[in-house]
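In case you want the letters, here they are:
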Amino acid sequence: MLEKAEGIVLRTFSYGETNSILRLFTREAGKISVMARGAKKPKSRLAAVSQPFVYASFLYYKSTGMKTLNQGDTIDSFRIIRSDIVKTAYASYLLELLDKLTEEQEKNPYLFELLLQLLQRMNEDDDPEILVRIFEMKMTAQAGIKPELEHCTNCGSTKGTFSFSVKEAGFLCHRCIFLDEHRLDIHPKTVELLRTFFHLDISRFGSISLKQRTKDELRRVMEAYYDEYSGLYLKSKRFLEQMEKWE
Ligand SMILES: [Zn+2]
């Protein structure tokens, strides 16, 4: 049976000398793998869509075994991301994080739209570092590790000055900070941004620009939090960290 889906190529794997297996994240069917026969031959009509980041419309045969790609029409290849090593590194991280936190064939159109819009913004001129932080914050729900962002994790107060506690998995108010000597004392604006990143619909965000200091705080929080709770090891993350050190 021939099926149609719009999707983004998360990863490609070589299969034999001329074939590729594409791992796609699709709007219609969630994460699926399809065999692109002959995609590595120079003149293959499947070659253009058999690369990471490509957003395309795919036609594939569904069978009990491996799905087979019949046709792929590129909608956007995100050329600007591809031609920029920094953007490529951030986008690779988005794709790897999504790949690690999703199961095969679990439909999630919300997550598809989120990924697509983040890539589109990255391909335009939005700050890739901020886009990655928004994604990490939103993905805490998908990972089942959402931190407490609405009030102090200890006393429940919504008023006061807040720090972020990895140990307590959320904010601690100034009256309760004694509970965690390793808490991250962040600027009130960073507290507000962490909440906003979680809640706000991405299509409603204008272009955001932040001071490097604020971006560093956001990174420290998300990095420490994911290290503690996600149990993930991401190759693209290691590369990003090295790159951030060079900058
Ligand atoms: Zn408190």
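Residues numbered from 1 in each chain as written. Predicted model: local features only at pLDDT ≥ 70, side-chain atom pairs only at ≥ 80, totals over all residues. Heavy atoms only, no water.

All right, on to the overall build of the protein chain then. Across its full length, the protein chain carries 7 helices and 7 strands. Counting from the amino terminus, the protein chain carries its helices and strands in the arrangement β-β-β-β-β-α-α-α-α-β-β-α-α-α. Taken over the C-alpha atoms alone, the protein chain extends approximately 65 × 40 × 30 Å along its principal axes. Of the accessible surface of the protein chain, which amounts to about 12400 Å², a share of 49% is contributed by carbon and sulfur atoms. (Helix = DSSP H or I, 4+ residues; strand = E, 2+ residues; numbered from the N terminus. Areas by Shrake-Rupley, 256 points an atom, 1.4 Å probe, with all protein chains shown as cover.)

Let's shift gears to the packing of aromatic side chains. In this description, an aromatic ring pair is defined by two values, namely the gap between the centres and the angle between the planes. Overall, the coordinates contain 7 aromatic pairs when judged by the stated rule. Seen from their ring centres, Phe162 and Phe171 are 6.0 Å apart, and the 55 degrees between their planes marks the pair as tilted. Residue Phe162 shares its accessibility class with Phe171, and that shared class is buried. Both rings, one in Phe197 and one in Phe205, keep their centres 6.3 Å apart while their planes meet at 70 degrees; by these two values the pair is edge-to-face. (Phe/Tyr/Trp six-rings, centres within 6.5 Å; stacked < 30°, edge-to-face > 60°. Buried < 20%, exposed > 50% of the residue type's maximum accessible area, 1.4 Å probe, protein only.)

What follows covers the nonpolar core. Judged by nonpolar contacts, the single largest core of 59 residues is most densely connected at Leu115, Leu119, Phe135 and Leu194. Ala5, Val49, Val54 and Ala56 belong to the second-largest nonpolar core, a separate cluster that totals 15 residues. (Core = buried A, V, L, I, M, F, W, Y, C linked by side-chain atoms within 4.5 Å.)

This part takes up the coordination of the zinc ion. Taken together, the protein ligands of the zinc ion are Cys152 (SG), Cys155 (SG), Cys173 (SG) and Cys176 (SG), with distances of 2.3 to 2.4 Å. Angles of 105 to 114 degrees at the metal separate the 4 donor atoms of the zinc ion, which places the site in the tetrahedral class. When the donor residues of the zinc ion are listed from N- to C-terminus, their spacing reads C-x2-C-x17-C-x2-C. In this pair, Cys155 sits in the loop between α4 (128–142) and β6 (162–165) while Cys176 sits in the loop between β7 (170–173) and α5 (188–199), placing the two residues 21 residues apart along the sequence. A relative accessible area of 42% places Cys155 in the partly exposed class. Owing to a relative accessible area of 5%, Cys176 belongs among the buried residues under this scheme. (Donors = N, O, S within 2.8 Å, 3.2 Å for Na, K, Ca; no water. Tetrahedral: all angles 85-135°; square planar, octahedral: opposite > 155°, others 65-115°.)

All right, on to the sheet that holds strand β1 (residues 2–15) then. Pairing within the closed barrel is mixed, and its 5 strands lie in the order β1-β2-β3-β5-β4. Within the sheet, the average angular offset between the axes of one strand and its neighbour, ignoring direction, is 50 degrees. The strands touched by helix α3 (residues 109–123) within the sheet are β1, β2 (19–26), β4 (55–61) and β5 (67–76), with β1 carrying the most contacts at an inclination of about 65 degrees. (Pairing = 2+ DSSP bridges. Axes fitted to C-alpha atoms, helices over the stretch in contact; angles between N-to-C directions. Contact = heavy atoms within 4.5 Å.)

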